[in-house]
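In case you want the letters, here they are:
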Amino acid sequence: MEKSISLIITVYNRESYLAAAIKSVLAQTWLDFELLIWDDGSTDSSIEIANQYAKFDQRIRVIAAKHTGITATLRAAVAATTGDYIGWVDSDDMLAPTALEETISILNNHPHVGLVYTDYQLMDEHGNLHRIGQRCQIPYSKERLLVDFMTFHFRLLRRSAYDSVGGLDLSYDYAEDYDLCLKLSEVTDFYHIAQPLYYYRRHSGNVTNNQFETIRWTYIAIANAFKRRKLDTDYELDMRLVANFSIKPKQRSEKVPTESKHPLPTVSIIIPTYNRKQYLGHALDSIRCQTYTDYEIIVIDDGSTDGTEEWIRTQYPYVNLLHMPNNMGAAAARNFGIKNALGQFIAFLDSDDQWLPDYLQHQITALKQQNTAVLAYCNYIATTNDHDLGSRISLSPSHPDDLVLSMLWGCFIHTLSQVVVPKSVFQTVGLLNEQFKGCHDWEFYLRLFAHGSPVHVPNYLVRKRWLPESIVTQSNCTAWLANGLKVLEEFYCRPDNARYRYLRPTIETHFRATVEEFKTYILRALNPSNSQSITVAPLVSIIIPCYNVAARIATCLQSCVQQTYANIEIIMDDCLVFFQQLPK
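All values reported here derive from a predicted model rather than from experimental measurement. (Residues numbered from 1 in each chain as written. Predicted model: local features only at pLDDT ≥ 70, side-chain atom pairs only at ≥ 80, totals over all residues. Heavy atoms only, no water.)

**Remarks on the nonpolar core**
What tends to happen in soluble globular proteins is that the nonpolar side chains get buried as a cluster. The following threshold applies: By convention a nonpolar core is built from buried Ala, Val, Leu, Ile, Met, Phe, Trp, Tyr and Cys residues, the set being connected through side-chain atoms within 4.5 Å. Buried means the residue's accessible area, taken with a 1.4 Å probe over protein chains only, is under 20% of the maximum for its type, while exposed means over 50%, and partly exposed covers the values in between. Only DSSP runs of H or I with at least four residues qualify as helices, and only runs of E with at least two residues qualify as strands; both kinds are numbered from the N terminus onward.
Of all hydrophobic cores here, the largest spans 71 residues; its most connected members are L35 and L156. A per-element tally of this core places strand β6 (residues 113-123) first, with 7 residues. I298, V404, L448 and W480 belong to the second-largest nonpolar core, a separate cluster that totals 47 residues.

**A look at the environment of G87**
Rule in force here: Note on contacts: a residue pair is in contact if any heavy atoms of the two residues lie within 4.5 Å.
For G87, the location among the structural elements is in strand β4 (residues 85-88). With residues near it in sequence (within four places) discarded, G87 still touches S6, L7, I8, R155 and L156.

**Quick word on the packing of aromatic side chains**
The criterion, for reference: To pair, rings of Phe, Tyr and Trp, with the six-membered ring standing in for Trp, must have centres within 6.5 Å; the planes then decide the type, stacked if under 30 degrees apart, edge-to-face if over 60, and tilted in the middle. Throughout this description, the term charge over a ring refers to an Arg CZ or Lys NZ atom that lies within 6 Å of the ring centre and within 35 degrees of the ring normal.
Tallied over the full model, the rule gives 19 aromatic pairs. Taken together, a centroid distance of 6.4 Å and an interplanar angle of 65° make the contact between Y117 and Y140 edge-to-face. Residue Y117 is located in strand β6, and its partner Y140 is located in the loop between β7 (129-132) and β8 (155-158); the two are separated by 23 residues in the primary sequence. Here Y140 falls in the partly exposed class, since its relative accessible area comes to 26%. Measuring from centroid to centroid gives 5.3 Å for W442 and F511, while their planes differ by 25°, and the two rings are stacked. Here W442 is found in helix α14 (residues 440-448), whereas its partner F511 is found in helix α16 (residues 504-525), with 69 residues between them in sequence. What makes W442 buried here is its relative accessible area of 6%. The buried category is assigned to F511, whose relative accessible area is 7%. Grouping aromatic residues by their ring pairs yields a cluster made of Y377, F412, F426, F444, Y445 and F449. For the cation-ring pair, R392 lies above Y460, with the distance from its terminal atom to the ring centre recorded as 5.2 Å.

**Some thoughts on the environment of H323**
Note the following rule: Polar contacts, as counted here, are pairs of nitrogen or oxygen atoms within 3.5 Å of one another; within protein the pair requires one atom able to donate a hydrogen and one able to accept it, and residues that are adjacent in sequence qualify only if both atoms are side-chain atoms.
Structurally, H323 is set in strand β12 (residues 320-323). Spatially, the C-alpha atoms of H323 and F336 are 9.0 Å apart, while their sequence positions differ by 13 residues. Here H323 is in contact with Q137, D301, E309, R313 and F336, once residues within four sequence places are set aside. There is a polar contact of 3.5 Å between the side chain of H323 and the side chain of R313.

**What to know about the packing of helix α6 (residues 176-185) against helix α7 (residues 211-228)**
Helix-helix packing is described using two parameters, namely the angle between the two axes and the distance between the axes. Condition: For every element, the axis is a line fit to its C-alpha atoms; helices are fit only across the contacting stretch, and the angle between N-to-C directions ranges from 0 to 180 degrees. Note that the term roughly parallel is reserved for angles under 35 degrees, roughly antiparallel for angles over 145, roughly perpendicular for angles of 65 to 115, and oblique for everything else. Handedness of a crossing is defined here by the sense of rotation of the near helix relative to the far one, left-handed for an anticlockwise turn of less than a right angle and right-handed for a clockwise turn. When residues are sorted by character, Ala, Val, Leu, Ile, Met, Phe, Trp, Tyr, Cys and Pro go into the nonpolar class, Asp, Glu, Lys and Arg into the charged class, and all the rest, Gly among them, into the polar class.
Axis separation between α6 and α7 bottoms out at 9 Å; the angle between their running directions is 15°. In terms of orientation, α6 and α7 fall into the roughly parallel class. At the point where α6 passes α7, the crossing takes the right-handed sense. Together, Y178, D179, L182 and K183 of α6 and T218, A221, I222, A225 and R228 of α7 make up the contact between the two elements. Of the residues contributing to the contact of α6 with α7, the split by class is 5 nonpolar, 1 polar and 3 charged.

**Comments concerning the pattern of salt bridges**
Just so we agree on the cut-off: By salt bridge we mean one thing: a side-chain nitrogen of Lys or Arg within 4 Å of a carboxyl oxygen of Asp or Glu.
Scanning the entire structure with this criterion turns up 21 salt bridges. Linking R504 and E508 is a salt bridge whose minimum nitrogen-to-oxygen distance equals 3.0 Å. A residue pair is termed a helical-turn pair when its members lie 3 or 4 positions apart in one helix, as R504 and E508 do in helix α16 at 4 residues. Each of R334, D350, D353 and K464 takes part in one network of salt bridges that share partners.

**Topic: empty space enclosed by the protein**
To keep it simple, the criterion reads: In the cavity and pocket records, a cavity denotes points on a 1 Å grid over the protein atoms alone where a 1.4 Å probe fits but cannot get out, a pocket denotes an open set with protein on both sides within 12 Å along at least 5 of 7 lines, and lining residues are residues with an atom within 4 Å of a point. Grid points are joined across faces, edges and corners, and a volume is the space filled by probe spheres set on the points.
Inspection of the entire model under this criterion finds 1 cavity of 30 Å³ or more. As a volume, the largest cavity reaches approximately 30 Å³. Lining the largest cavity we find Y377, C378, N379, Y380, I393, S394, L395, F412, I413, H414 and Q418. Of the residues contributing to the lining of the largest cavity, the split by class is 7 nonpolar, 4 polar and no charged.

**Considering a nonpolar patch on the surface**
Definition in use: Two distance rules govern patches: like charges are joined within 9 Å, and nonpolar side chains (Val, Leu, Ile, Met, Phe, Trp, Tyr) within 5 Å, applied only to residues with over 30% relative accessible area and no salt bridge. Computed by Shrake-Rupley with a 1.4 Å probe, the accessible areas treat only the displayed protein chains as cover when residues are assessed.
On the surface, I215, Y219 and M239 cluster together into a nonpolar patch covering about 240 Å² of accessible area. Following the sequence through the fold, M239 ends up in the loop between α7 and β10 (267-273).

**Looking at the side chain of D177**
Position of D177 relative to the elements: it lies in helix α6. Within polar-contact distance, the side chain of D177 engages the side chain of R155 at 3.5 Å.

**Digging into the confidence of the model for the chain**
Counted only if it meets this: A score between 0 and 100, pLDDT records how confident the predictor is in each residue.
Here the chain shows a mean pLDDT of 82. Residues at 70 or above account for 81%. Low pLDDT, under 50, characterises residues 251-262; the predicted model gives this stretch 24 contacts beyond four residues in sequence or across chains. Contacts of residues 575-584 to residues separated by more than four positions or lying in other chains number 5 contacts, the stretch itself having pLDDT below 50.

**Notes on the pairing of β6**
Going by this rule: For two strands to count as paired, DSSP must find a minimum of two bridges between them.
Summarising burial for β6: 11 of the 11 residues are buried, a large majority. Here β6 runs beside strand β9 (residues 189-201); their pairing, made up of 10 bridges, is parallel. Bridge pairing links V116 to Y191 in β9. Sheet topology places β6 next to β7; 2 bridges connect them, and they run antiparallel. Across the sheet, Q121 pairs through a bridge with I132, a residue of β7. If you look at the hairpin formed by β6 and β7, you'll find 5 residues sitting between the two strands, and G127 has a positive phi there, around 90°.

**With respect to the pairing of β4**
Side-chain alternation along β4 places Y85 and G87 on one buried face and I86 and W88 on a second face that is also buried. As judged from the 4 bridges shared by strand β1 (residues 5-11) and β4, these two strands associate in the parallel manner. Bridge pairing in β4 places I8 opposite W88. As paired elements, β4 and β8 share 3 bridges and run antiparallel to each other. Paired with Y85 across the strands is R158, a residue of β8.

In C-alpha cells, the structure reads:
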C-alpha cells in the first residue's frame, strides 16, 4: 500500500512568487498528495492567490492564521497534515516536476531511510535558473552535518522520524530546519539524490538575508548537537566570521525587488580538470592576478582520483567546485559548467594553462566594443615546461571572407584558453558536442562561425602548456586524428555545408598532414636532450644590480621567479666595478 504524502507551503507576504510555487507543486508527475498552504497573517494578496488555486484543485487546503513567525507556523502546519511523508516548499521557491516521484521512490524502497534530500538549483528573482547550489555538493555524513548544512533543500521525511525527535523546536527563530536535520541524523539514515529537483530563489527579501541571526541560531543548533552526541567533553566549537561588505540599491518595494543581494558576475570562468592538481594551482593563481575582477570561477572536477576536491576546498575555498560522477570528458565538463554559469560571458581556461594579468581586461573590452562578435580570441605563448621561454603563436584565418572555410583548412584557435564567448551564443548554436573526446572545440567553431565572426585581440595573453599526456601531443596523435576525422564527417553530413563537399578529400589529406607535422614538432619540443628544442628570445629582461646585498638577494630573486608572466630572463649585475669608478 502506497504511503500518503503531505506537502506544505507557508507564506507571509509573498504575492510576487506564491503562484509559481503552487504551480510547481501541482505540476508534479506524482499526483497523489495533499497540499496545505498556511498563510502566516499576510497583509498582501497572498491569501487570495492561495484561495483561487484551492477552488480548482481539491488537493489544496488553505489555512489563514495570525502572524507567528516561520518556526511556529511550520510546526503548526505539519501538525495539521495527515501524510505519512511530509515535506515543505518555501513560498518563493519551486519544485522540479519529478521531485516527489524521485524522493517518494527512495522512501518506499528503503525503509531504513528517514529523510531523503535532493540537489537544489539557484534561481534569480525573475525565475531564471543558474548554477547548482554549493551546499548540496558537499558529501553527506552525520559528522559533517555538524559543520555543513548540505541537506538544505528539498527534503521529504517520514512523519514517524519527525515525531521521534519532537518535531521543530519552537525556541528557534532561525535555523530551525538545520536543528531538525541534526536531530534526525541521530535517529535515522539520510539519502541524497544528486539531481537538482528544487529551485531556490535568491532575492533581497529572503528570510535568510538576516545573516547575524542566522549565524547565531546555527551556532546554537550545532552546540546543542554537540551536547546530545556527548562531544562537548573532548571538543569545542570554533567559529570564525569573515565580513563581506557590498553596496547595493535600497529595496523600494516588496513586490518588485530592485537588486539581488548577490549581483551576478560579468564573466564565468570555466575550468575542467582531471588529475591536474599539480598544474591547477598555477591556473587559479593566474586568475587571482587578473586586472579585471568581475568574475566567478567554476571548476568542474571530471572524476579526478588525485585528491583534487579536498585540495581545492582547502586551498581555494572561494571557487565554485562542481563534480562529474565519472570521467566524462572535457566537452561534458565544460557544458556542465556553462549550464551553471551566472555570467554574461563565458571564459574557458584549461587546468594546465595560465592567463597573463590583462587577459580578461583585453578580451571583455574587445567583446563590448564589437558587440556582434561571437567570440574573442588572443595570441598565446606555447611552452613545454615551467622553464621553457616558449614560442609566440599568432594565427589568423586563411580565408578572412569565409571563416568556416578557414576553419576547415586549419583551426586557427589552438586552445579554448584563448577564448571568451558571450553566453547567449550557446542558445543560438548549442553547447559543445559531447560525443567528441577531442577536437570538440574545432567542431564548435565550425558551427559558430556560420553565425558570426570573432574579434581577434593581437596580444600574447595566455601561456599554453603542451604536456606529454595531452590529447594533441605525440603519444596521442592517433586519437587526435580519429577525433578530427569524426568532426569532418559530422560537418559534411549537415545539409547546410553542401557547398564545401567538393573540398572534402583535400581537407582530409591536409588534416592528416597537419597531425604528422605536429607529431614531429612536439616530439622534438618535449625531448629535453634534443639540441633542436624550441628556444625563443624572452620578451622581458629583468636586470638586478647587486652590490653587497647578499642578505636580500634571495627574496628579490624569488619575487621574480614567482611572476605570473613567465616569458622573462633574469640578469644578475655585479655593480662593484661601476661603484669603484665613481668619484670619491
